[in-house]
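# Chains, contacts and geometry: an overview
Residue-level listing of the chains:
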Amino acid sequence: MLTYGALFVMATGIAQYLLALAHLVHPEMFGGFVRPYGLMREPDWYGVESGIALLLAIHHRYELGPRLYPWAAALSVIGVTASLARTAWVASAVALVVLALVPGPDRIAARQVIWRTAQAGAAITAGALLADARAVLNVAARFSPVSLGMGSAYHVYAQYAWASRLGSIRLMESLINLHPWFGNGAGVMGQLSTSAAYQ
């Protein structure tokens, strides 16, 4: 049941994406690309949920059956990709690689998903480069922790986001060093969220 629920939420984002292409809804955009969010209210969370739907689809592929499983896997990959969520892309890739390497019932299915995603990704990237190379570079900048020598607002925003994430990690490391055994407690989260280092 959880698998079908995850697939339903993921499908709402795909529907929203199609409606956005028809200019019937106006979701978040990045670099000329629609970032759907479906029922999750935020593209990053939608991407993570789509990744979870993919893993559930792989694990429950026999229950889904030979007709529904390929569609469920493909639409889940599209959901992760369309979200342009760095966390979803990285987490889904790591999870698939682990599934593909660790002996288990999902090993072959994970390898098939990786191979087909790589093929589709290469074809889509080639087509997008021919259609609008600048938009593809904007997306690449979103995933690059170092400067690509671009002056666009999307590139500046992406670099700021990377610096913010890395700053948060450094801040958390310092907090762990301060209180390594019992943590900092929930009471300091409000103070942390307003600190200059966290922001």
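Read on for a plain summary of the structure. The shown structure was predicted, so the numbers you read here are calculated from the model rather than taken from an experiment.

## Looking at the pattern of salt bridges
All told, the structure shown has 1 salt bridge when counted by the stated rule. We note a salt bridge from Arg61 to Asp106, for which the minimum N-O separation is 2.8 Å. Placement of the pair is Arg61 in helix H3 (residues 61-83) and Asp106 in the loop between helix H4 (86-101) and helix H5 (107-143), with a sequence separation of 45 residues.

## Details of the side chain of Thr12
Position of Thr12 among the secondary structure elements: in helix H1 (residues 2-21). At a separation of 2.4 Å, a polar atom in the side chain of Thr12 contacts the main-chain carbonyl oxygen of Val9. If near-sequence neighbours (up to four positions away) are discounted, Thr12 is found in contact with Gly38 and Leu39.

## Here we look at the nonpolar core
Counting 20 residues, the largest nonpolar core has Leu54, Ile58, Tyr69 and Val113 as its most contacted members. For this core, the elements supplying multiple residues, two or more each, are H1, helix H2 (43-59), H3, H4 and H5. For this core, the element with the highest residue contribution is H2, accounting for 6 residues. Ignoring any residue separated from it by four or fewer positions in sequence, one finds Ile58 in contact with Tyr69, Leu96, Asp106, Ala109, Ala110 and Val113.

## Quick word on H5
Compared with the 54 Å implied by 1.5 Å per residue over 37 residues, the 27 Å span of H5 between its first and last C-alpha is markedly short. At Asp132, H5 shows its largest bend, some 125°. Along H5, the residues that are buried comprise Ala109, Ala110, Val113, Ala135, Val136, Asn138, Val139, Ala141 and Arg142.

## So, the packing of H2 against H3
Relative orientation of the contacting elements H2 and H3 amounts to 155°, with a least axis distance of 8 Å. One way to sum up the angle between H2 and H3 is to call them roughly antiparallel. For the pair H2 and H3, the crossing hand works out as left-handed. Along the contact surface, H2 presents Pro43, Tyr46, Gly47, Ser50, Gly51, Ala53, Leu54, Ala57, Ile58 and His59, while H3 presents Arg61, Leu64, Tyr69, Ala72, Ala73, Ser76, Val77, Gly79, Val80 and Ser83. Residues belonging to the contact of H2 with H3 are distributed by class as follows: 12 nonpolar, 7 polar and 1 charged.

Rules and cut-offs
- Residues numbered from 1 in each chain as written.
- Predicted model: local features only at pLDDT ≥ 70, side-chain atom pairs only at ≥ 80, totals over all residues.
- Heavy atoms only, no water.
- Salt bridge = Lys/Arg side-chain N within 4 Å of Asp/Glu carboxyl O.
- Helix = DSSP H or I, 4+ residues; strand = E, 2+ residues; numbered from the N terminus.
- Polar contact = N/O pair within 3.5 Å; in protein donor to acceptor, adjacent residues only side chain to side chain.
- Contact = heavy atoms within 4.5 Å.
- Core = buried A, V, L, I, M, F, W, Y, C linked by side-chain atoms within 4.5 Å.
- Buried < 20%, exposed > 50% of the residue type's maximum accessible area, 1.4 Å probe, protein only.
- Expected span 1.5 Å × (residues − 1).
- Bend = angle between axes of the 7 residues up to and from the residue.
- Axes fitted to C-alpha atoms, helices over the stretch in contact; angles between N-to-C directions.
- Parallel < 35°, antiparallel > 145°, perpendicular 65-115°, else oblique.
- Left-handed = near helix turned anticlockwise from the far one by under 90°.
- Nonpolar A, V, L, I, M, F, W, Y, C, P; charged D, E, K, R; others polar.

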